[in-house]
Amino acid sequence: SYTDTPSTEDEKAALFSEGQLVFSGTGSLAVAASGKSGNVSDDYLHFMEGTVTVNTTTSATVSGSETLKPACLKANDYIKVTGGTLNLSSSGTGAKGISCDGYGIFRGGIVNVTVTGSNYGSSGGGFPGGGQSSSDGVSAKGMKFDGNLSITGGSLVVKATAHEGIESKGAITISGGEVYSYSQSDDAINS
């Protein structure tokens, strides 16, 4: 919950930055979010070292015409993982493990994503109060990138129960590393 936040500041996540978020060092960070996303950058997220564990228990809700789309990790520009360990778990309706409006780069490290949440809207049973179109639906996906996704190293294990495990609206290039993706209800990997 937020208290005494200036009206000019955003309230998007448990850990939010208008600028870049870069994680390095041998420490660990645990983030728990309920109601909004875990870690969000209006720029980019870069994971180099350390261990980051994010758990979200969220529900997609409609406020006016906006549908909240919570995620463990969310960035506008890109998400880059070159080392460290990411343990991401979401049980939220319509939530994602990783969501990026830009592109993704995975060159190293260990990434574990588990999304057990259900879809919301067109494939999740409709909106409260009705009236919204099926295009307002929000899908619970393991990883979603609007841009290209490049995997050249590291280990990715992605599990989703209601929708895609890994999705890119651009190209997906896997030229190294280990990638395990599982979806109980949809594509394991979709490009």
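You'll find the structure just up there.
What counts and what doesn't
- Residues numbered from 1 in each chain as written.
- Predicted model: local features only at pLDDT ≥ 70, side-chain atom pairs only at ≥ 80, totals over all residues.
- Heavy atoms only, no water.
- Buried < 20%, exposed > 50% of the residue type's maximum accessible area, 1.4 Å probe, protein only.
- Helix = DSSP H or I, 4+ residues; strand = E, 2+ residues; numbered from the N terminus.
- Pairing = 2+ DSSP bridges.
- Core = buried A, V, L, I, M, F, W, Y, C linked by side-chain atoms within 4.5 Å.
- Contact = heavy atoms within 4.5 Å.

A. Representation of the pairing of strand E9 (residues 71-75) in the model. In terms of burial, E9 is a largely internal element, four of the five residues being buried. Pairing of strand E4 (residues 37-41) with E9 involves three bridges; the strand directions are parallel. Across the sheet, the residue bridging to Val40 is Lys74, located in E9. Where E9 meets strand E12 (residues 96-100), four bridges bridge the pair, whose relative direction is parallel. Bridge assignment links Ala75 to a residue of E12, and that residue is Cys100.

B. Main features of the nonpolar core. If you look at the biggest cluster of nonpolar residues, it comprises 29 residues, and the most contacted ones within it are Leu73, Ile79, Ile98, Phe106 and Met143. Excluding anything up to four places from it in sequence, Leu73 contacts Asn39, Leu45, Phe47, Val54, Ile79, Leu86, Leu88, Gly97, Ile98 and Ser99.

C. Main features of the sheet that holds E9. Ordered by their spatial adjacency, seven strands build an open sheet running E1-E4-E9-E12-E14-E16-E19, and the pairing between neighbours is parallel. Taken across any chain shown, the strands that pair with only one partner, and hence form the sheet edges, are strand E1 (13-17) and strand E19 (189-190). By the bridge criterion, three bridges tie strand E14 (residues 141-145) to strand E16 (residues 166-168) in an arrangement that is parallel. Across the sheet, residue Lys144 finds its bridge partner in E16, namely Glu167.

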